Amino acid sequence: MSKKNEIQNPITEGVIWQQLLLFFFPILFGTFFQQLYNAADAMIVGRFVGKEALSAVGGSTGMLTQMIVGFFVGLSSGASVIISQYYGAKRPEMVGYAVHTAVAFSVVSGLVMTAVGIPLAPIMLTAMGTPEDVVGLSVEYLRIYFAGMVANLIYNTGAAILRAVGDSKRPLHILMFSCLINIALDILLVVMCGLGVKGAAIATILSQLLSAVLVCICLMRAQDMYRLEWKQVRLDQRMLKRIVRIGFPAGLQSVMYGSSNVIIQAGINSLGTNTVAAWAAYSKIDAVFWMMVNSFGIAITTFVGQNYGAGKTDRVHKGVRSCMKMTVISSALMSVLIYNWGIYAYELFTTDKEVVSIGIDMMRYLSRFYVTYVAIEILSGALRGVGDCWIPMMLCCVGVCALRVGWILIAVPLDRNIFTIMFSYPLTWVITTILFAVYYLKYSRLKVRKKNP
C-alpha cells in the first residue's frame, strides 16, 4: 500500500456530504449507462421491429434477468462489504483473499447460470403467462442473454470491488464506453442487418463482455491491496463462507423482490400485449428513479463499511442522516420530473397511441409515491455496511414481498385492472419503511443510543 493511502482515506477523513456525493454521482451515471443497455434494446426494437419485440425485450425477460442477476449481485455484495471494512481497517492480506475469492465465485456462478438458464428459458417464460405472440421472441432473447452470463457477473463483481475501495469513477468510464458500443451494435444488428430481437441480445452480451475485460484490466493494473492476480484466483473456503454469510440475505432479498415482481408481471401479462408493452416501456423510465436511489444505497454501504471498519461510529450515523436527506430531496424532484415530463420519454419507445396512453396512466400513478421507498434503501444499505443483513432481509421479505404477493393473489382477482396491481407498490413501501425505521433506531447494531446527561 502506498504511503499516501496510509496517511489519508477520503471516505474516512473527508467532509461527509461531499464524500457521499463524490461517490454517488459516478455510481449514478454508471448505473444509468448500465440501464441503458436494455433501454437501448427496447427503444430500437420497439421502433424498428414492433410492440411484440418490445414486450419480448422488456417484459417477462427483463423481470427474469433482473431477478437472477440480482441474486448474484446481492450475494457478491458480501464481498463488497468485507473488502470495504478490511480496506478501511488497512488489512491488505484479507482484502486480497476477498478479491480473488469473489472473482472466482463470479466465474463459477456465471457458468452455472448459463448451463441452467438456456434449457429452462421457455419453461420460466411459460410459467409467467407470457402472451403467445411474444413468448417465441422472449425465449430467443433470454437464451442468448444467458450465454453471456459469465461476462455479466465478472463485470458486476469487478465494479463492486472498485466501489468498495472508494473508486466509483472507473466503473463509470467502462460502462459509458461499453454502452456506446452496445447502441452501435444495436443499430448495426437490429436495424441494418434485420436480426430483430436476436440482434439486440447479441449486442448486449458483446458489450457486457467488453465491460468485463476492461474492469479486469483495471484490477490487474492496480497498485494497491486490491490488485487482481489470476494465478491467485481461487475459492478460499473461509472467505467464501464470510462472503456468503453476509451476501446471502441480500441475494435472497433480491430474489424475493424479483419473485414478487414476476408475479406482478404475470398479472400484467393477463391484461394483454398493449399493457405488457406499456409496462415494459414504463419500467425503463421508472429505472431512472431506481438507479438514483440504488446509487445512494451503494454509496452509504461503502461509506458505512469503511468508517465502521475504521472504528468511526459517530461518523457512520452522520453519514446515514446526510444520505437520507439528499435521497429524499432527489426522489421528490424525480417524482415531479417524471409526472410532468415523462410522456416525452415514453414516446421514445413506441408510437402506438394505445400503448402510450396506458403507459402515461401508469407513470403518473406510481411516480407520486417514490419518496415512500427511500428509507428502505438507505437504512438497508447502512445496515449492510456493518454486516447486519438477516433482519433487513426478513423485513423486506415480509413487508414488501409477502404482502405484495398476498395483495396480487387476493385483491387483483376481485378487481383485475392495472391500478389494483400497481397499488401493491406504495402499500408495501409505506409498511416496510415503518418496519425499517423501528428496527434501525431501536434494535440494530447502529441503533441510536441516548447520550448521558
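Residues numbered from 1 in each chain as written. Predicted model: local features only at pLDDT ≥ 70, side-chain atom pairs only at ≥ 80, totals over all residues. Heavy atoms only, no water.

A. Expanded view of the packing of helix α12 (residues 273–309) against helix α14 (residues 353–366). As a packed pair, α12 and α14 sit with axes 8 Å apart at the nearest point and diverge in direction by 50°. With respect to α14, the axis of α12 lies oblique. The element α12 and its partner α14 pack so that their crossing is right-handed. Residues Asn274, Thr275, Ala277, Ala278, Trp279, Tyr282 and Ile285 of α12 form the contact with α14, whose own contacting residues are Glu354, Val355, Ile358, Gly359, Met362, Met363 and Leu366. (Axes fitted to C-alpha atoms, helices over the stretch in contact; angles between N-to-C directions. Helix = DSSP H or I, 4+ residues; strand = E, 2+ residues; numbered from the N terminus. Parallel < 35°, antiparallel > 145°, perpendicular 65-115°, else oblique. Left-handed = near helix turned anticlockwise from the far one by under 90°. Contact = heavy atoms within 4.5 Å.)

B. Examining a nonpolar patch on the surface more closely. A cluster of nonpolar side chains, namely Phe48, Val49, Ile187, Leu188, Val191 and Met192, defines an oily patch on the protein surface of about 560 Å² accessible area. For the nonpolar patch, the element with the highest residue contribution is helix α9 (residues 169–192), accounting for four residues. Within the fold, Val191 resides in helix α9. Note on Val191: relative accessible area 34%, which makes it partly exposed. (Patch = residues over 30% accessible without salt bridge, like charges linked within 9 Å, V, L, I, M, F, W, Y side chains within 5 Å. Areas by Shrake-Rupley, 256 points an atom, 1.4 Å probe, with all protein chains shown as cover. Salt bridge = Lys/Arg side-chain N within 4 Å of Asp/Glu carboxyl O. Buried < 20%, exposed > 50% of the residue type's maximum accessible area, 1.4 Å probe, protein only.)

C. Examining the pattern of salt bridges more closely. Here the structure, examined in full by the defined rule, presents six salt bridges. For Asp167, the salt bridge is made with Arg170, and the minimal N-O distance between the two is 2.6 Å.

D. Structural detail: the nonpolar core. In terms of nonpolar packing, the biggest core is built from 101 residues, with Trp279, Tyr282, Ile300, Val304, Met362 and Leu446 touching the most fellow members. If you tally residues by element for this core, the top one is α12, at 17 residues. Apart from the residues lying within four places of it in its own chain, the contact partners of Ile300 are Leu20, Gly319, Val320, Cys323, Ile378, Gly381 and Ala382. Among the nonpolar cores identified, the runner-up in size contains 38 residues, and Ile83, Ala151, Ile161 and Val165 belong to it. (Core = buried A, V, L, I, M, F, W, Y, C linked by side-chain atoms within 4.5 Å.)

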